[in-house]
Amino acid sequence: MAIRGDSAGLEKHYLLDMLGGDAGRILEIGCGDGRLTRKYVETATQAVGIDLPSALPRDDAETLPESTQIAGASGVALPFRGGSFDRAIFSLSF
Amino acid sequence: MHALSEVRRVLRPGGSLIDLRPTARNRQVELELSEARLHIGEIDGSNSAAEKLLADEALQAGLDRGLFTVEHRAQFEYISDLDTLEDLREFAAGLRRSVMPEALPRRIAALTAGEREDYLIRIRREMIIWRLRRLPIG
């Protein structure tokens, strides 16, 4: 039994296409458990993901690469200096 | 809108925002059999329609204010493949706002009766992705 998300690989394809190669420092707003993060992290110099604390990965969640930083924060008050990132990713799910 | 201003603030000049979101179309549920592909029904996402509209309006407001400009836009399908009805129920249990009508698993059960194993449940969700370039203000 299995649920295979993005089985055609289209989300990853379009995400990487939009980011372009060598995407630099990437901020992901609403990273959740890192589902999307794992798809692009190899293209990033550094990936930083934020989400509300209740949505962040659990201790038993699949680990993310060491280059990834995860923080609990709100998207309307980002705890970063201006001009800190080359790319930002914002994904909505309903 | 404030969130977009914050994103713009932390991006370097010329940086890009990748925005990924579902369209308003409901998730479509299909049953793939060895001999046919059947459309079973839809998962109702109307509970989040207002929230989605607000999010779309916020994005448009950011574009109208000159915070970002659209560099590229694409639409695609996010496809989830499930092996069994139990997988489908697990998938439905994980939905935050959308609702799967009970008729959908009942119909699949009827079509796959007799311990049939050569089937696949496929869920299609229409997605839109934008690349938006940060613009200088003023």
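Worth saying up front: this structure is predicted, and the values here are computed from it rather than measured. All residue numbers refer to positions counted from 1 along the written sequence of the respective chain. Just so you know, chain letters begin at A and ligand numbers begin at 1, following the order they were written in. For this predicted model, a pLDDT threshold of at least 70 governs which residues receive local features, and a threshold of 80 or more governs which side-chain atom pairs are given and counted, while totals over whole chains, interfaces and linings are taken from all residues.

> Any chance you could break down the overall build of chain A for me, citing the residues and the numbers?
Strands are runs of DSSP state E lasting at least 2 residues, helices are runs of H or I lasting at least 4, and numbering of each runs from the N terminus. The secondary structure content of chain A amounts to two helices and five strands. Starting at the N terminus and ending at the C terminus, chain A contains elements arranged as β-α-β-α-β-β-β. This radius of gyration counts C-alpha atoms alone. The globule rule is 2.2 Å times how many residues there are, raised to the power 0.38. For a compact globule of 94 residues, the expected C-alpha radius of gyration is about 12 Å, and chain A comes in at 13 Å, within 12% of that figure. With the C-alpha coordinates aligned to their principal axes, the bounding extent of chain A is approximately 45 × 30 × 25 Å. The long-range fraction of contacts in chain A, counting pairs at least 24 apart against all pairs at least 6 apart in sequence, stands at 44%. Throughout, a residue-residue contact means that the two C-beta atoms, derived from backbone geometry, are no farther apart than 7 Å.

> Explain the overall build of chain B to me, using residue names and the numbers behind them.
The number of helices and strands found in chain B is four helices and five strands. In chain B, the succession of helices and strands from N to C terminus is α-β-β-β-α-β-α-α-β. Relative to the compact-globule value of 14 Å for 138 residues, chain B shows a C-alpha radius of gyration of 20 Å, a clear excess of over 25%. For chain B, the spread of C-alpha atoms along the three principal axes comes to 70 × 25 × 20 Å.

> I'd love a proper account of the interface of chain B and chain A, names of residues and values included.
The interface is formed by 41 residues belonging to chain B together with 33 residues belonging to chain A. Going through the elements one at a time, helix H1 (2-10), strand S1 (11-22), helix H2 (49-64), strand S4 (68-82), helix H3 (85-93) and strand S5 (119-134) of chain B are the ones with two or more residues in the side of chain B that touches chain A. For the side of chain B that touches chain A, the leading source of residues is S1 of chain B, giving 10 residues. Here the side of chain B that touches chain A is composed, by residue class, of 17 nonpolar, nine polar and 15 charged. The pairing of strand S5 (residues 85-91) of chain A with S1 of chain B spans six bridges and is classified as parallel. Residue type decides the class: Asp, Glu, Lys and Arg count as charged, Ala, Val, Leu, Ile, Met, Phe, Trp, Tyr, Cys and Pro as nonpolar, and the leftover types, Gly among them, as polar. DSSP bridges decide pairing: two strands pair if at least two such bridges lie between them.

> Break down helix H1 (residues 10-19) of chain A for me, with residues and values.
Any residue with 12 or fewer other C-beta atoms within 10 Å of its own C-beta is exposed, any with 20 or more is buried, and the rest are partly exposed; the C-beta atoms used are placed from the backbone. Inspection of H1 of chain A places Glu 11, Tyr 14, Met 18 and Leu 19 of chain A among the buried residues, and these make up the whole buried set. The buried residues of H1 of chain A occupy an angular sector of 130° when projected down its axis, which confines them to one face. In this fold, the buried residues of H1 of chain A make contact with helix H2 (37-40) and S5 of chain A together with S1, S4 and S5 of chain B. After H1 of chain A finishes, the residue Gly 20 of chain A shows a positive phi value of roughly 75°. The directions considered for the arc run from the helix axis to the C-beta atoms.

> I'd like a description of the packing of H3 of chain B against helix H4 (residues 103-111) of chain B, backed by residues and values.
Helices that pack against each other are described as a pair by the angle of their axes relative to one another and the distance between those axes. Residue and element names in this part refer to chain B. The interhelical angle for the contact between H3 and H4, taken along N-to-C directions, is 170°, at an axis separation of 11 Å. Judged by the inter-axis angle, H3 sits roughly antiparallel to H4. Counted together, Leu 85, Leu 88 and Arg 89 of H3 and Pro 105, Ile 108 and Ala 109 of H4 form the full contact between these two elements. Partitioning the contact of H3 with H4 into residue classes produces five nonpolar, no polar and one charged. Comment: axis = line fitted to C-alpha atoms, over the contacting stretch for helices; angle = value between 0 and 180 degrees taken between N-to-C directions. The scheme is simple: roughly parallel for angles under 35 degrees, roughly antiparallel for over 145, roughly perpendicular for 65 to 115, oblique for anything else.

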